[in-house]
Amino acid sequence: MYRIPLDRVNWITSSFLIGTALTALIGLPVYLFQHGIDAFQFGMFAFYLVATMMSITLGYHRLFSHISFKAKWPVRFFTLVFGACAFENSCLDWASDHRRHHKHVDHEGDPYDISKGFMWAHIGWLMFKLNPEPPMDNVNDLRKDKLVMWQHKYVHWIGLVVGLIVPTALGYGWHAWHGMDPWTGALGGFLIAGVARIVVAQHCTFFINSLCHTIGRQPYSSGHSARDSAIMAFLTFGEGYHNYHHEFQHDYRNGVKPWQWDPTKWTIWTLAKLGLVEGLRRVPDGKILLAEMREARLRAEKHLAELREHAPSQTFSDAVHEITERLAANYHELEKAVADRVHLSREVLDRWQAETRQMMRELNRMRETLAA
Ligand SMILES: [Zn+2]
Ligand SMILES: [Zn+2]
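Residues numbered from 1 in each chain as written. Chains lettered and ligands numbered in written order. Predicted model: local features only at pLDDT ≥ 70, side-chain atom pairs only at ≥ 80, totals over all residues.

Novice: In this structure, what is going on with the overall build of the protein chain? I would like to understand it.
Specialist: Assigned secondary structure in the protein chain consists of 14 helices and two strands. Considered along the principal axes of its C-alpha atoms, the protein chain spans approximately 80 × 55 × 45 Å. The proportion of buried residues among the 372 residues of the protein chain is 38%. Here the contacts in the protein chain between residues at least 6 apart in sequence split such that 68% fall between residues at least 24 apart. (Helix = DSSP H or I, 4+ residues; strand = E, 2+ residues; numbered from the N terminus. Buried ≥ 20, exposed ≤ 12 C-beta atoms within 10 Å, placed from the backbone. Contact = placed C-beta atoms within 7 Å.)

Here it is as structure tokens:
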């Protein structure tokens with residue numbers, strides 16, 4: 001029988017997570033039914049949601065955890081203040097957990113290890129204490145940042161004031177100014193831009209640890225559970241291209257292709273143009289393609305091994321063998337070019353990529369014929 005280990009329950013965190021979720025699920029519909037929502041309340045919700053999510057993805061994650069770019073103090077200050085409003089712990093705690101996640105992904109030592117189950121990776125890891133708590137010895141660089149340390153000390157106060165009291169007060173003021181019942185406005189501000197926004201932002205962040213390690217493709221590596229998914233990218237402000245991110249964690253981009261939905265990347269790029277951030281780190285295109293080709297080759301070799309067992313004819317198995325050989329030859333050629341730091345033009349890379357894709361399609365067609 002499965003039993004909840006009561007002695008390990010993190011009561012404060014668990015009560016907060018369950019309390020806010022229940023308030024949003026029950027309180028919000030009742031409020032909306034009785035009072036509806038006006039443009040001001042909706043605008044405040046949208047601003048707070050974007051500010052909170054962006055502070056987690058751009059600030060906590062890509063800036064502080066991965067140092068994928070450098071930021072001037074206004075950006076650090078904004079993301080630390082609104083990051084606190086997500087009630088996901090201080091940036092220092094968050095970055096420490098996250099760096100351990102990358103280092104030990106899918107294994108003991110990964111705080112949100114997906115191999116312990118979907119619910120553990122999503123929320124369970126927050127609701128139960130680990131004994132003993134791992135030391136925070138991987139964030140010494142961040143300890144030198146005074147703003148980070150200030151936020152670490154006052155994180156709950158900042159979250160409470162900016163994340164809950166301010167929207168409540170603004171709701172009160174807006175209603176009072178327009179001759180409506182101010183307490184109704186205050187309750188709306190608290191429930192909509194406060195509690196409901198916290199719940200939405202939290203679960204969208206938790207999805208990165210649960211769904212982004214469960215659904216989607218693995219074009220860059222199947223050596224870990226992280227996956228790329230456009231749907232997840234939409235829900236997580238661009239963090240859904242998680243397979244890429246785990247391969248190249250210091251790249252400020254997660255959706256590396258121009259058509260991929262990554263508003264966090266676009267914001268960092270815009271801030272760089274405004275001179276507020278600098279030193280954006282990018283993995284060279286050749287290296288990215290090399291990872292894709294390595295993965296394609298591995299997959300092709302796996303298919304080949306399968307086909308060898310069941311191939312209906314010698315010609316069939318020869319055809320697959322030829323594809324595998326061509327993939328390997330292309331891979332080695334590119335590997336050499338990357339190692340020699342040869343400049344590869346966009347056209348050359350595109351041609352290589354197109355050829356790899358075409359071979360993979362051919363291979364899949366052969367497998368389907370075989371399965372039929
Ligand atoms: Zn991950
Ligand atoms: Zn990361």
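Novice: I'm lost on the nonpolar core in this one. Help?
Specialist: Note on soluble globular proteins: their nonpolar side chains tend to be buried together. In terms of nonpolar packing, the biggest core is built from 65 residues, with Phe64, Cys91, Ala95 and Phe207 touching the most fellow members. Of all elements in the fold, only helix H2 (39-65), helix H3 (73-84), helix H4 (91-103), helix H5 (118-127), helix H7 (146-177), helix H8 (182-209) and helix H9 (230-235) reach the threshold of two or more residues within this core. At 14 residues, H8 tops the list of elements feeding residues into this core. Those residues in contact with Phe64 that lie beyond four places of it in its chain are Gly59, Cys91, Ala95, Leu142 and Val148. By size, the runner-up hydrophobic cluster in this structure holds 13 residues, among which are Ile288, Leu290, Ala296 and Val320. (Core = buried A, V, L, I, M, F, W, Y, C linked by C-beta atoms within 7 Å.)

Novice: Any chance you could explain the environment of His213 here in plain terms?
Specialist: Along the chain, the position of His213 falls in the loop between H8 and H9. Look at His213 and you get buried, because 27 C-beta atoms sit within 10 Å. As a C-alpha pair, His213 and Pro182 span 31 residues in sequence and 45 Å in three-dimensional space. His213 has contacts with Ile114, Ala121, Ser225, Ala226 and Arg227, leaving out every residue within four places of it along the chain.

Novice: What's the story with unusual backbone geometry in this structure? I'm lost.
Specialist: Trans peptide bonds make up the majority, and among non-glycine residues the majority have a negative phi. One non-glycine residue, Asn89, lies in positive phi territory at about 75°. The phi angle at Asp106 is positive, at roughly 70°, despite the residue not being glycine. Structurally, the position occupied by Asp106 is in the loop between H4 and H5. A count of 17 C-beta atoms within 10 Å places Asp106 in the partly exposed class.

Novice: What is the right way to read the domain arrangement of the protein chain from this model?
Specialist: What the domain assignment lists for the protein chain is domain 1 (6-278) and domain 2 (285-371). In this structure, domain 1 and domain 2 have C-alpha centres spaced 38 Å apart. Taken together, the seven residues of domain 1 in the interface contact five residues of domain 2. Classifying every residue of the side of domain 1 that touches domain 2 by side-chain character gives three nonpolar, three polar and one charged. (Domains from an automatic or database assignment. Nonpolar A, V, L, I, M, F, W, Y, C, P; charged D, E, K, R; others polar.)

Novice: Explain H8 here, please?
Specialist: Spacing of three or four residues puts side chains on the same side of an α-helix, whose turn is 3.6 residues. Taking 1.5 Å per residue, 28 residues should reach 40 Å; H8 reaches 40 Å between its end C-alpha atoms and fits that length. Along its length, H8 reaches its greatest deviation from straightness, about 35°, at Arg197. Counting buried residues in H8 gives 22 out of 28 residues, a clear majority hidden from the surface. (Expected span 1.5 Å × (residues − 1). Bend = angle between axes of the 7 residues up to and from the residue.)

Novice: Is there a simple way to explain the packing of H2 against H4 in this structure?
Specialist: The geometry of a pair of packed helices is captured by two quantities: the angle between their axes and the separation between those axes. Taken N-terminus to C-terminus, the directions of H2 and H4 make an angle of 65°; their axes are 10 Å apart at the nearest point. Considering only the axes of H2 and H4, their crossing is right-handed. Across the interface between the two elements, Tyr60, His61, Phe64 and Ser65 from H2 touch Cys91, Trp94, Ala95, His98 and Arg99 from H4. Here the residues of the contact of H2 with H4 are counted per class, giving five nonpolar, three polar and one charged. (Axes fitted to C-alpha atoms, helices over the stretch in contact; angles between N-to-C directions. Left-handed = near helix turned anticlockwise from the far one by under 90°.)

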